[in-house]
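Analysis of the macromolecular model
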Amino acid sequence: MTAPSNPFKAILQSGQKSIGLWMGLCDPYAAEIVGRAGFDWVLIDGEHAPNDLRSIVGQLQVAEPHVASIVRPPMAEPWLMKQLLDAGVQSFLIPMVNTAEEARAVVAATRYPPDGIRGVGHVLGRASYFGAVPDYIATAADEICIIVQIESRAAVENLEEILAVDGVDAAFVGPADLAADCGFAKDMNAPEMQALVAETLGRIKAYGKPAGIIDFPDDAIDGHFENGAQFVAVGADLVMMAAMLRELASKWKGRIS
Ligand SMILES: O=C(O)C(=O)C[C@H](O)[C@@H](O)CO
């Protein structure tokens, strides 16, 4: 019996376009709503949403029967990666990867020695169904999916070197942080940024690895797919909920005043 198959890695390897939903509500009940909605995958955000190990595990458990999942840690600290891996995370979105050296360190955090530095403790975790997978150590790496975020000028400069790192499965453009690093924090949709994002998606695809991004307007999402994106987060639960609630309150406050 080998390590559990990774449904998101299979989605990437299919070469088919896919859509995902960014989850920031940090709640298993909300994750089940999203998981049952019909997206190909969900992204559990531990960088900008107040997720911790327990909340991530709870969301993984309810989402697993319905949808593929990706987890974004705040950074790829080896101690945190070790906990997430043993807890059953197989697909990682790693923020702020700027060099090939940093990408190699991320991969090493997910590999057992001699290929990396992951500690051996899977029998305590969901990863091996609590020790029920005899060949887990030998096969775990096959089902790990590492997506590096390209969201700085340095990362764009080093893009092909980063993509060449063995163990990097895909790259994801972070439009907001890339814009900020380029001096467009207040105007991430500036023509200069739209051109850079389009070029970067195209370079990732041309290199032969799947390209991902997040965006919300329909025309922007269409454009990203046309420019080479294979997997796109087309919404964020918390962002959508907050906007709809503000709009509803404003509408009725206006109607009753
Ligand atoms: O830089 C970006 O853009 C991202 O990494 C995504 C952001 O964190 C945000 O759009 C998620 O809602």
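Parameters and conventions
- Residues numbered from 1 in each chain as written.
- Predicted model: local features only at pLDDT ≥ 70, side-chain atom pairs only at ≥ 80, totals over all residues.
- Heavy atoms only, no water.
- Patch = residues over 30% accessible without salt bridge, like charges linked within 9 Å, V, L, I, M, F, W, Y side chains within 5 Å.
- Areas by Shrake-Rupley, 256 points an atom, 1.4 Å probe, with all protein chains shown as cover.
- Salt bridge = Lys/Arg side-chain N within 4 Å of Asp/Glu carboxyl O.
- Helix = DSSP H or I, 4+ residues; strand = E, 2+ residues; numbered from the N terminus.
- Near = heavy atom within 4 Å.
- Polar contact = N/O pair within 3.5 Å; in protein donor to acceptor, adjacent residues only side chain to side chain.
- Contact = heavy atoms within 4.5 Å.
- Core = buried A, V, L, I, M, F, W, Y, C linked by side-chain atoms within 4.5 Å.
- Buried < 20%, exposed > 50% of the residue type's maximum accessible area, 1.4 Å probe, protein only.
- Pairing = 2+ DSSP bridges.
- Right-handed = clockwise from strand over helix to strand, strands pointing away.
- UniProt positions renumbered as here; feature names shortened; annotations may be inferred.
- Lys, Arg positive; Asp, Glu negative; His and termini not counted.
- Charge placed at Lys NZ, Arg CZ, Asp CG, Glu CD.

**Overview of a nonpolar patch on the surface**
- Taken together, the side chains of Leu25, Leu238, Met241 and Leu245 present a nonpolar region at the surface, about 340 Å² in accessible area.
- By the element assignment, Leu238 lies in helix α12 (residues 237-256).

**As for the site of the ligand**
- In the region of the ligand, the neighbouring residues are Trp22, His48, Arg72, Gln149, Glu151, Gly174, Pro175, Ala176, Asp177 and Ile214.
- Within the backbone of Ala176, an N or O atom sits 2.8 Å from an oxygen atom of the ligand.
- Asp177 is positioned such that a nitrogen or oxygen atom in its backbone is 2.9 Å from an oxygen atom of the ligand.
- Looking at which element gives the most residues to the shell around the ligand, the answer is helix α9 (residues 175-181), with three residues.

**Thoughts on the environment of Ile137**
- Positionally, Ile137 belongs in helix α6 (residues 136-139).
- Residues Ile137 and Pro114, 23 residues apart in the sequence, show an inter-C-alpha distance of 12 Å.
- Not counting residues within four places of it along the chain, the set of residues in contact with Ile137 comprises Tyr112, Val120 and His122.

**What to know about the nonpolar core**
- Core analysis: the largest hydrophobic core is formed by 51 residues, its most contacted members being Ile94, Val148 and Ile150.
- Apart from residues no more than four positions distant in its own chain, Ile150 is found in contact with Val97, Ala155, Val156, Leu159, Ile162, Ala171, Phe172, Val173, Gly174 and Thr200.
- Counting 17 residues, the second largest nonpolar core, distinct from the first, contains Leu43, Ile147, Phe172 and Ala236.

**Things to note about the pairing of strand β1 (residues 18-23)**
- With five of its six residues buried, β1 lies for the most part within the structure.
- Examined bridge by bridge, β1 and strand β8 (residues 231-236) share four bridges and lie parallel to one another. Note that in β8 the partner of Gly20 across the bridge is Ala233.
- Pairing geometry for β1 and strand β2 (residues 41-45), over four bridges, is parallel. When the bridges of β2 are listed, Trp22 appears paired with Leu43.
- In this fold, the crossover linking β1 to β2 by way of helix α2 (residues 28-35) has right-handed handedness.

**So, the UniProt feature "domain: HpcH/HpaI aldolase/citrate lyase" (unreviewed entry) in the protein chain**
- As recorded in UniProt, the feature "domain: HpcH/HpaI aldolase/citrate lyase" (unreviewed entry) lies at residues 19-240.
- For the annotated span residues 19-240, helix accounts for 40% and strand for 18% of the residues, and the straight-line distance between the end C-alpha atoms is 16 Å.

**A word on helix α4 (residues 78-86)**
- Considered for burial, the residues of α4 that qualify are Leu80, Met81, Leu84, Leu85 and Asp86.
- Close packing links the buried residues of α4 with α3 (53-63), β3 (68-72), β4 (91-94), α5 (100-109) and α6.
- Gly88 sits one or two positions beyond α4 and adopts a positive phi of about 110 degrees.

**Here we look at the side chain of Asp45**
- Looking at the element boundaries, Asp45 is found in strand β2.
- At 2.8 Å, the side chain of Asp45 forms a polar contact with the backbone nitrogen of Glu47.
- Of the polar contacts made by the side chain of Asp45, one reaches the side chain of Arg72; its length is 2.8 Å.
- Once you skip the residues sitting within four places of it in the chain, Asp45 turns out to touch Trp22, Met23, Asn51 and Arg72.

**Structural notes on a negative patch on the surface**
- Residues Asp218, Asp219, Asp222 and Glu226 make up a contiguous surface patch of negative charge.
- Relative to the helices and strands, Asp219 is located in helix α11 (residues 218-226).

**Some points on the pattern of salt bridges**
- One pass over the structure, following the stated rule, counts eight salt bridges.
- Between Glu32 and Arg36 there is a salt bridge whose closest N-O contact spans 2.8 Å.
- Between Glu47 and Arg72 there is a salt bridge, and its shortest N-O distance comes to 3.0 Å. Placement of the pair is Glu47 in the loop between β2 and α3 and Arg72 in strand β3, with a sequence separation of 25 residues.
- Arg72 sits in the buried class, given a relative accessible area of 5%.
- Linked by salt bridges that have partners in common, Asp45, Glu47 and Arg72 make up one network.

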